[in-house]
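Fold and geometry: a report
If you want the building blocks of each chain, they are given just below.
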Amino acid sequence: MPTAIPAAPKLVIFGSPNSLVARPNGTIWKAVFEAAGEKRSYDRLRHQFKTGQFTAYRWAEASVERLAKAELTEEAYNKAVATQEPLPGVAEFVSTLVSGDGLSVIVSGGFSDLCLRAAELTGVQQVVAQTTPVFDETGKLAKFIMLNCDYQGKVHFAEAVATSFGLGLEECVLIAEGEGDIPLAQVMPSLAFNAPRIVERACNASVRARDMTEMLNLFRLEEKEKTSRDYERRIPNTVLIGNQQSDAVIVVFDGKPSRYGA
């Protein structure tokens, strides 16, 4: 049976900035590839991932290698990740859920720049992102700094963030938006917001709306009749979409930041 959605979650995890801020349709990775003139490379690499030739992390590695060879410029990259405003109701939704002692975080398989801007615009307090680009003095891409925090890897980063606040995932809620959120949606209370059907089926409940505040009623499910929105997850925990379980990296918070170069 799915885990019940807590009426007052102590930590809200957003699986992507795409559900928070206005930006072109499609994944941020696709937008960056198009900015580099590499749409065909994106389609080829994505096909390799979807057909099981790459794990999620290896797909990300191959993608940044291709973007580096294409000499992605800082100007083109900034245009691809640019965003100007939060989506309707997002700031109010975040403010309501994190009022009092509540917390919020973005755990994304995308780019840190976009996640930080989304956090600034919406009031989300913390960010974990998979990819950070580094440009040289000429404005060309020099390298990417990578974390394995998408698909199965996202589970371990979410657990680490929750643990750092003394919480279990059962006390939190995930706002899921894309397929990279599915493994995390399978192990914690989760809501799909304007998400593909395959993501909805992995979550406890789903909402399709123009205004994110319409999701607030779902956090009162324990006080009302909630069976109409709950249903059994139809994706077993052992299955990932276009991925393998073996690409995960365990992250342990041990209270010794010096071990990590801090």
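Quick note: structure is the one above.
What comes next is a walk through the structure. (Residues numbered from 1 in each chain as written. Predicted model: local features only at pLDDT ≥ 70, side-chain atom pairs only at ≥ 80, totals over all residues. Heavy atoms only, no water.)

Brief notes about the overall build of the protein chain
- Scanning the protein chain for helices and strands turns up nine helices and seven strands.
- Per-residue burial for the protein chain yields a buried fraction of 52% across its 262 residues.
- Taking the contacts inside the protein chain whose residues are at least 6 apart along the sequence as the reference set, 64% of them involve residues at least 24 apart.
- When the accessible surface of the protein chain is split by element, carbon and sulfur atoms take 49% of a total near 12400 Å². (Helix = DSSP H or I, 4+ residues; strand = E, 2+ residues; numbered from the N terminus. Buried < 20%, exposed > 50% of the residue type's maximum accessible area, 1.4 Å probe, protein only. Contact = heavy atoms within 4.5 Å. Areas by Shrake-Rupley, 256 points an atom, 1.4 Å probe, with all protein chains shown as cover.)

Some words on the pattern of salt bridges
- Per the counting criterion, the structure on display carries 13 salt bridges.
- Measuring nitrogen to oxygen at the nearest pair gives 3.6 Å for the salt bridge that ties Arg58 to Glu61. With Arg58 and Glu61 both in helix H3 (residues 56–69) and three residues apart, the pair spans about one turn of that helix.
- Taking relative accessible area as the criterion, Arg58 reaches 31% and is therefore assigned partly exposed.
- A salt bridge links Glu71 to Lys140; the shortest N-O distance between them is 3.6 Å. Residue Glu71 is found in the loop between H3 and helix H4 (74–81), and its partner Lys140 is found in the loop between strand S3 (126–135) and strand S4 (141–146); the two are separated by 69 residues along the sequence.
- Classification of Glu71 by relative accessible area gives partly exposed; the value is 45%.
- Take Lys140: its relative accessible area is 35%, and that puts it in the partly exposed class.
- One salt-bridge network, in which partners are shared between bridges, spans Arg58, Glu61 and Glu65. (Salt bridge = Lys/Arg side-chain N within 4 Å of Asp/Glu carboxyl O.)

Quick look at the pairing of strand S1 (residues 11–14)
- The two faces of S1 match: Leu11 and Ile13 on one face and Val12 and Phe14 on the other face are all buried.
- Two elements, S1 and strand S5 (residues 172–176), share four bridges in a ladder whose sense is parallel. The residue bridging Val12 from the neighbouring strand is Val173, located in S5. (Pairing = 2+ DSSP bridges.)

Some words on the nonpolar core
- Formed by 55 residues in total, the largest nonpolar core has its most connected members in Phe14, Leu20, Trp29, Val32, Phe93 and Leu191.
- If we skip the residues at most four places from it in the chain, Leu191 touches Ile5, Val173, Leu174, Ile175, Ala176, Cys203, Ala205, Met215, Leu218 and Phe219.
- Listed in part, the 25 residues of the second largest apolar core include Ile13, Val107, Ala195 and Cys203. (Core = buried A, V, L, I, M, F, W, Y, C linked by side-chain atoms within 4.5 Å.)

Focus: the pairing of S3
- For strand S2 (residues 103–111) and S3, the ladder comprises five bridges, and the chain directions are parallel. Paired with Val107 across the strands is Val128, a residue of S3.
- Note on the crossover from S2 through helix H6 (residues 112–122) to S3: the handedness is right-handed.
- In this sheet, S4 lies alongside S3 in antiparallel orientation, the contact comprising five bridges. Bridged to Phe135 within S4 is Leu141. (Right-handed = clockwise from strand over helix to strand, strands pointing away.)

Considering unusual backbone geometry
- If you check the backbone angles, Glu71 has positive phi at about 55 degrees while not being a glycine.
- Phi angles above zero are rare outside glycine, and Asn194 is one such case at about 50 degrees.
- Note that Asn194 resides in the loop between strand S6 (190–193) and helix H9 (197–200).

Examining the packing of aromatic side chains
- Under the criterion given, the structure shown has ten aromatic pairs.
- Arranged with centres 5.1 Å apart and planes meeting at 70 degrees, the rings of Trp29 and Trp59 form a pair that is edge-to-face. Of this pair, Trp29 sits in helix H1 (residues 28–35) while Trp59 sits in helix H3, and the two are 30 residues apart along the sequence.
- For Trp29, a relative accessible area of 5% puts it in the buried group.
- On the basis of relative accessibility, which here comes to 3%, the residue Trp59 falls in the buried class.
- Relative to Trp59, the ring of Tyr42 lies with its centre 6.5 Å away and its plane at 80 degrees, an arrangement referred to as edge-to-face. On the criterion of sequence distance, the pair formed by Tyr42 in helix H2 (residues 39–50) and Trp59 in helix H3 is long-range, its members being 17 residues apart.
- Taking relative accessible area as the criterion, Tyr42 reaches 8% and is therefore assigned buried.
- The rings of Trp29, Phe33, Tyr42, Phe49, Trp59, Tyr77, Phe111, Phe135, Phe144 and Tyr151 are connected pair by pair, giving a single aromatic cluster.
- Above the plane of the ring of Trp59 lies Arg46, whose end atom (NZ or CZ) is 4.9 Å from the centre. (Phe/Tyr/Trp six-rings, centres within 6.5 Å; stacked < 30°, edge-to-face > 60°. Lys NZ or Arg CZ within 6 Å of the ring centre and 35° of its normal.)

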